[in-house]
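Observations on chain architecture
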Amino acid sequence: MPISLFSTQRIVIAMMHASAILVLASGNAFALEDKPAALRAVEEQGVTVVGPMPSAGGLRAWAAYSGRNPIAFYATPDGKFLIAGTMLDANGRDVHEDALAKTVAPVMATSTLSQLERSHWVLDGSSKAPRIVYVFTDPDCPYCNKFWRDARPWIDSGKVQLRHILLGILSPTSAGKAAAILTDSHPARRLESHERSQMAAHAKTLGSGRSSAQSDSELKPLASIPAAIEAQLASNAQMMQSFGLAGTPGLAWRDANGKIQMRTGAPAALQEILGPK
């Protein structure tokens, strides 16, 4: 059975045998002898365990995360079972919420940034721009084109660089168009040419309250996608899904406090993401 994270409910923590837990990522943050068998089983099935955490009530506790969800684990005295979730005090307050966040957040941020940096992205703007925003972009996405258009003042001033992680998920031609960009001798120029050619048409379309896929007039989809490019596109789509981003454009950036922020869609208020103009 999958782990229940209880991220939106204040309820008493649930007990699960470790062999029944299904999870998403892996980790090995501290010595094997410090971990009960149940916690090692959790790691083998994918949870990233950051390390021990101070705990109330005399239970041994560990901070961990799965995907982008922090998890607190508590071991029973015999070490055979784990309790995953929220420990409440007499006033119904989560006694470990702050400790869990402070322990897990820096590790999650580092891991997420590493994944984004290693992905297959196309640079939009100056590589020296101080602020970096990752954008999961589908060539057939009109809202991606809107975000591209709205971001021009920040890009042109050299304050922001966008790193487009291309996808091929929106329409039957999306993958072929993404492949055409990625196989071009100048992918950044190819992407810019494509997005610029769509600006007027999509501004008019979205202004009327309708949306439509990008046209093929400027960017012809490849009829046959090379296996390596197909693998890149699949990896990019899997990454977006693992981050919990439900559509395009999917945005990821590091805020002033060093925390990774993510958002789906073309936001109206851009300064939160791109900073002052």
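First, a word on what this report is: a plain description of the structure on this page. Bear in mind that the values here come from a model prediction, so they are computed numbers and not experimental data.

Procedures and definitions
Residues numbered from 1 in each chain as written. Predicted model: local features only at pLDDT ≥ 70, side-chain atom pairs only at ≥ 80, totals over all residues. Heavy atoms only, no water. Pairing = 2+ DSSP bridges. Helix = DSSP H or I, 4+ residues; strand = E, 2+ residues; numbered from the N terminus. Axes fitted to C-alpha atoms, helices over the stretch in contact; angles between N-to-C directions. Contact = heavy atoms within 4.5 Å. Phe/Tyr/Trp six-rings, centres within 6.5 Å; stacked < 30°, edge-to-face > 60°. Buried < 20%, exposed > 50% of the residue type's maximum accessible area, 1.4 Å probe, protein only. Lys NZ or Arg CZ within 6 Å of the ring centre and 35° of its normal. Salt bridge = Lys/Arg side-chain N within 4 Å of Asp/Glu carboxyl O. Lys, Arg positive; Asp, Glu negative; His and termini not counted. Polar contact = N/O pair within 3.5 Å; in protein donor to acceptor, adjacent residues only side chain to side chain. Expected span 1.5 Å × (residues − 1). Arc of directions from axis to C-beta.

1. Focus on the sheet that holds strand S7 (residues 131–137)
- Reading across from one edge, S6-S8-S7-S9-S10 is the order of the five strands in this open sheet, with mixed pairing throughout. Every interior strand has two partners, whereas the edge strands, strand S6 (121–124) and strand S10 (260–264), have only one. With strand direction ignored, the average angle separating the axes of adjacent strands in the sheet is 20°.
- Two strands pair when backbone bridges link them, and S6 and strand S8 (residues 160–166) are joined in this way by four bridges, in the antiparallel orientation. Along S8, the bridge assignment pairs Val122 with His164.
- Where helix H3 (residues 142–150) meets the sheet, its contacts fall on S6, S7, S8 and strand S9 (250–254), and the angle it forms with S7 comes to roughly 160°.

2. Things to note about the packing of aromatic side chains
- Counted by the stated rule, this structure contains one aromatic pair.
- Ring geometry for Phe136 against Phe243: centres 6.4 Å apart, planes inclined by 70°, an arrangement best described as edge-to-face. Here Phe136 is found in strand S7, whereas its partner Phe243 is found in the loop between helix H7 (227–242) and S9, with 107 residues between them in sequence.
- Its relative accessible area of 0% is what places Phe136 among the buried residues.
- In this structure, Arg152 is placed above the aromatic ring of Trp148, and the distance from its NZ or CZ to the ring centre is 3.8 Å.

3. Observations regarding unusual backbone geometry
- A cis amide bond links Thr248 to the next residue, Pro249, at an omega of -5°.
- With respect to the helices and strands, Pro249 occurs in the loop between H7 and S9.

4. Here we look at the pairing of S9
- In terms of burial, S9 is largely enclosed, as four of its five residues are buried.
- The sheet contact formed by S7 and S9 spans four bridges and is antiparallel. The residue bridging Val133 from the neighbouring strand is Trp253, located in S9.
- Alignment of S9 against S10, held across five bridges, turns out to be antiparallel. If you follow Leu251 over to S10, its bridge partner there is Arg263.
- Counting the residues between successive antiparallel strands, the hairpin from S9 to S10 contains five residues, one of them, Gly258, with a positive phi of roughly 85°.

5. Remarks on the pattern of salt bridges
- One pass over the full model with this rule turns up eight salt bridges.
- When the shortest N-O distance is used, the salt bridge between Lys177 and Asp140 registers 2.5 Å. In this pair, Lys177 is assigned in helix H5 (residues 174–182) and Asp140 in the loop between S7 and H3, connecting sequence segments 37 residues apart.
- Classification of Asp140 as buried rests on a relative accessible area of 0%.

6. What to know about the side chain of Asp138
- For Asp138, the position within the fold is in the loop between S7 and H3.
- One buried charged residue, Asp138, forms no salt bridge at all, with the nearest opposite charge on Lys177 at 7.5 Å.
- Engagement of the side chain of Asp138 in a polar contact is seen with the backbone nitrogen of Ile169, the distance being 2.9 Å.
- A distance of 2.8 Å separates the side chain of Asp138 from the backbone nitrogen of Leu170, its partner in a polar contact.
- Ignoring any residue separated from it by four or fewer positions in sequence, one finds Asp138 in contact with Cys144, Leu167, Gly168, Ile169, Leu170, Ser174 and Thr248.

7. Quick look at the environment of Asp140
- Between the C-alpha atoms of Asp140 and Gln198, which are 58 residues apart in sequence, the distance is 10.0 Å.
- In terms of polar contacts, Asp140 uses its side chain to reach the side chain of Ser174, at 3.3 Å.

8. With respect to H7
- Counted at 1.5 Å a residue, the expected span for H7 with its 16 residues is 22 Å, and the 22 Å between its end C-alpha atoms agrees.
- Among the residues of H7, those classed as buried are Ile229, Gln232, Leu233, Asn236, Met239 and Met240. Projected down its long axis, H7 carries its buried residues within an arc of 125°, all on one side. The outward face of H7, more than 90 degrees from its buried face, is lined by the exposed residues Ala227, Gln238 and Gln241.
- Its buried side turned inward, H7 meets helix H2 (97–118), S7, S8 and H5.
- Within two residues after H7, Gly244 carries a phi angle of roughly 80°, on the positive side.

So, to be careful, I would describe these as geometric facts and stop short of saying anything about function.
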